[in-house]
Amino acid sequence: MAITRVAVVGAGTMGHGIAQVAAAAGYRVTLIDATRDLAEAGVARVAVNLDGAIARGKLEPAQKDVILERIAVADDIARGAAGAQLVIEAVPEKMELKAAILRTLDQSVDAAAILASNTSSLSITALQRATVQPGRVIGLHFFNPVHINRLVEVVRGEDTQTAVVEASLAFVRAAGKEPVVVRDAPGFATSRLGVLLGLEAMRMLEQGVASAEDIDKAMELGYRHPMGPLRLTDLVGLDVRLDIARYLHAELASDAFKPPAILERMVAEGRLGRKTGHGFYTWTDGEGA
Ligand code: NAD
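Criteria and thresholds
- Residues numbered from 1 in each chain as written.
- Predicted model: local features only at pLDDT ≥ 70, side-chain atom pairs only at ≥ 80, totals over all residues.
- Heavy atoms only, no water.
- Helix = DSSP H or I, 4+ residues; strand = E, 2+ residues; numbered from the N terminus.
- Rg over C-alpha atoms; globule rule 2.2 N^0.38 Å.
- Buried < 20%, exposed > 50% of the residue type's maximum accessible area, 1.4 Å probe, protein only.
- Contact = heavy atoms within 4.5 Å.
- Pairing = 2+ DSSP bridges.
- Right-handed = clockwise from strand over helix to strand, strands pointing away.
- Phe/Tyr/Trp six-rings, centres within 6.5 Å; stacked < 30°, edge-to-face > 60°.
- Lys NZ or Arg CZ within 6 Å of the ring centre and 35° of its normal.
- Axes fitted to C-alpha atoms, helices over the stretch in contact; angles between N-to-C directions.
- Parallel < 35°, antiparallel > 145°, perpendicular 65-115°, else oblique.
- Left-handed = near helix turned anticlockwise from the far one by under 90°.
- Nonpolar A, V, L, I, M, F, W, Y, C, P; charged D, E, K, R; others polar.
- Core = buried A, V, L, I, M, F, W, Y, C linked by side-chain atoms within 4.5 Å.
- Near = heavy atom within 4 Å.
- Polar contact = N/O pair within 3.5 Å; in protein donor to acceptor, adjacent residues only side chain to side chain.
- Areas by Shrake-Rupley, 256 points an atom, 1.4 Å probe, with all protein chains shown as cover.
- 1 Å grid on protein atoms, 1.4 Å probe; cavity = no way out; pocket = protein on both sides within 12 Å on 5 of 7 lines; lining within 4 Å.
- Sits in = over half its atoms within 2 Å of the grid points.
- Patch = residues over 30% accessible without salt bridge, like charges linked within 9 Å, V, L, I, M, F, W, Y side chains within 5 Å.
- Salt bridge = Lys/Arg side-chain N within 4 Å of Asp/Glu carboxyl O.
- Expected span 1.5 Å × (residues − 1).
- Arc of directions from axis to C-beta.
- Points joined across faces, edges and corners; volume = space filled by probe spheres on them.

### Remarks on the overall build of the chain
Scanning the chain from terminus to terminus reveals 12 helices and 10 strands. Computed over the C-alpha atoms, the radius of gyration of the chain is 20 Å, within 12% of the 19 Å expected from 2.2 N^0.38 for a compact globule of 289 residues. Structurally, the chain occupies a C-alpha span of about 60 × 45 × 35 Å along its principal axes. Each of the 289 residues in the chain was classed as buried or not, and the buried ones make up 47%. Pairs at least 24 residues apart make up 66% of the contacts formed inside the chain by residues separated by at least 6 positions.

### A word on the pairing of strand β8 (residues 178–183)
Looking at chain direction, strand β7 (residues 151–156) and β8 are connected through six bridges and run parallel. Across the sheet, residue Arg 156 finds its bridge partner in β8, namely Arg 183. Each parallel crossover has a hand, and the one from β7 via helix α7 (residues 162–174) to β8 is right-handed.

### Things to note about the packing of aromatic side chains
Going through the model one piece at a time under the given rule, you end up with one aromatic pair. Over the face of the ring belonging to Tyr 281 we find Arg 231, whose NZ or CZ atom lies 4.2 Å from the ring centre.

### Description of the packing of helix α8 (residues 190–206) against helix α11 (residues 238–252)
Two elements in contact, α8 and α11, have axes separated by 11 Å at closest approach and are oriented at 110 degrees. What the angle tells us is that α8 and α11 run roughly perpendicular. For the element pair α8 and α11, the recorded crossing hand is left-handed. In contact with Ser 191, Arg 192, Gly 194, Val 195 and Leu 199 of α8, α11 contributes Arg 241, Ile 244, Ala 245, Leu 248 and Leu 252. Classifying every residue of the contact of α8 with α11 by side-chain character gives six nonpolar, two polar and two charged.

### Brief notes about the nonpolar core
Grouped together as the largest cluster of nonpolar side chains are 41 residues, with contacts concentrated most on Leu 86, Ile 88, Leu 140, Phe 142 and Phe 171. Sequence-distant contacts of Ile 88, defined by excluding residues within four places in its chain, comprise Val 6, Ala 7, Val 8, Val 9, Ile 18, Ala 116, Leu 140, Phe 142 and Phe 171. In this structure, Ala 81, Ala 84, Val 87 and Val 182 belong to the second largest nonpolar core, which totals 20 residues.

### A few points about the site of the ligand
Near the ligand you find 23 residues, and of these Met 14, Asp 33, Glu 93, Lys 98 and Ser 120 are the closest. One of the side-chain N or O atoms of Asn 118 is found 2.9 Å from an oxygen atom in the ligand. Residue Ser 120 places a side-chain N or O atom 2.6 Å away from an oxygen atom belonging to the ligand. In the complex, the protein chains occlude 73% of the 840 Å² of accessible area that the ligand would expose alone. Assessed atom by atom at 2 Å from the grid points, the ligand resides in the largest pocket. Listed by contribution, the elements that provide at least two residues to the shell around the ligand are α1 (13–24), α5 (95–108) and β6 (137–142). With three residues, α5 is the single largest residue contributor to the shell around the ligand.

### Considerations on unusual backbone geometry
Backbone torsion omega between Asn 144 and Pro 145 reads -10 degrees, so that peptide bond is classified as cis. With respect to the helices, strands and loops of the structure, Pro 145 is situated in the loop between β6 and β7. Residues other than glycine seldom take positive phi values, yet Arg 224 does so here, at roughly 60 degrees. Examined against the element boundaries, Arg 224 turns out to sit in the loop between α9 (212–222) and α10 (229–236). Relative accessible area serves as the criterion here: at 75%, Arg 224 is assigned to the exposed category.

### Let's talk about a nonpolar patch on the surface
On the surface, Leu 232, Leu 235, Val 236 and Val 240 cluster together to form a nonpolar patch covering roughly 250 Å² of accessible area. Sort the elements by how many residues they give to the nonpolar patch and α10 lands first, with three residues.

### Let's talk about α5
Between its first and last C-alpha atoms α5 spans 20 Å; for 14 residues at 1.5 Å apiece the expected length is 20 Å, and the two agree. Taken as a whole, α5 has its buried residues at Lys 98, Ala 99, Ile 101, Leu 102, Leu 105 and Asp 106. Considered in projection along α5, the buried side chains sweep an arc of 165 degrees and stay on one side of the axis. Exposed and facing more than 90 degrees away from the buried side of α5 are Glu 96 and Gln 107. Those residues of α5 that are buried lie in contact with β1 (5–9), α4 (77–81), β4 (86–89), β5 (114–117), α6 (124–128) and β6.

### Section: the layout of surface pockets
In this approach the atoms are scanned with a rolling probe the size of a water molecule, which exposes any empty space left behind. Roughly 1500 Å³ of volume is contained in the largest pocket. Forming the walls of the largest pocket are 40 residues, and the residues nearest its centre are His 141, Phe 143, Asn 144, Val 236 and Arg 241. When contributions to the lining of the largest pocket are tallied by element, the ones reaching two or more residues are α1, β6, α8, α10 and α11. Ranked by residue count, the leading element in the lining of the largest pocket is α8, at seven residues. Class assignment of the residues belonging to the lining of the largest pocket gives a composition of 19 nonpolar, 16 polar and five charged.

Shown next, in the form of structure tokens:
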């Protein structure tokens, strides 16, 4: 079934960006949240992003309204998603919430529609268990900020049908993104490697191997990483990284993911990175110093 209509459930950080890239690619989009006000707030964030693109000369001014007109809002999941061939949920990272939403969608949308989750860590196979038609459930893991970051992890659960993977890949490419296909495994491809690097950098800092600045510089200049692992941890949030490390430590049963004492201590002290002004760096006006 050709995809022309897309519904996005959850109009927050990720949902508004997913709605934006789909609308910019020509799809009709319905952005759904718990209230119309929340959904409208998501559309307002899209408008701000588009203004930024116009200011940078990346978008013709006339295109802004064309894109915004493709996005409708709704506060009811079943009604809002009706008629969509692809529904992407981007509600908070809670298994029960996502399972309940997939169950509602499974019962209400067209039997051939694809149901995707933007989860960054939950098992797609476990989410499939919430549905009667698990073969149409897939992971589409976009990255923040969605309108800028080009990667999408396409996560194949145990039951995901090959036709669903192929249609999802076509959608991701049409939306201007680069997909990688990953089997459903804890941490997918990105978090598993990225978090490991950050944790090892923290252990090196604890052991006095080098300063935070020099560990980051080593990766930036020596390995051409755009940003060192400690600065990146500050941007993501140390609390977020600690949660993921605990989850991967339990799921993969590998001590490589055991949270270092320095991470536990900094989170307990409220040094969460950029959002609190202090992490491995001191942040003033958004700039690490
Ligand atoms: P967010 O809190 O910014 O947005 C979630 C939205 O879902 C909110 O607008 C909320 O009102 C809405 N919502 C909650 N319950 C709802 C319901 N029952 N029906 C409809 N809408 C509901 O969260 P986010 O950061 O956008 O994260 C969403 C998902 O994307 C999570 O699974 C997260 O793990 C994943 N993710 C986040 C990032 C990131 O950097 N923020 C990156 C990749 C993936």
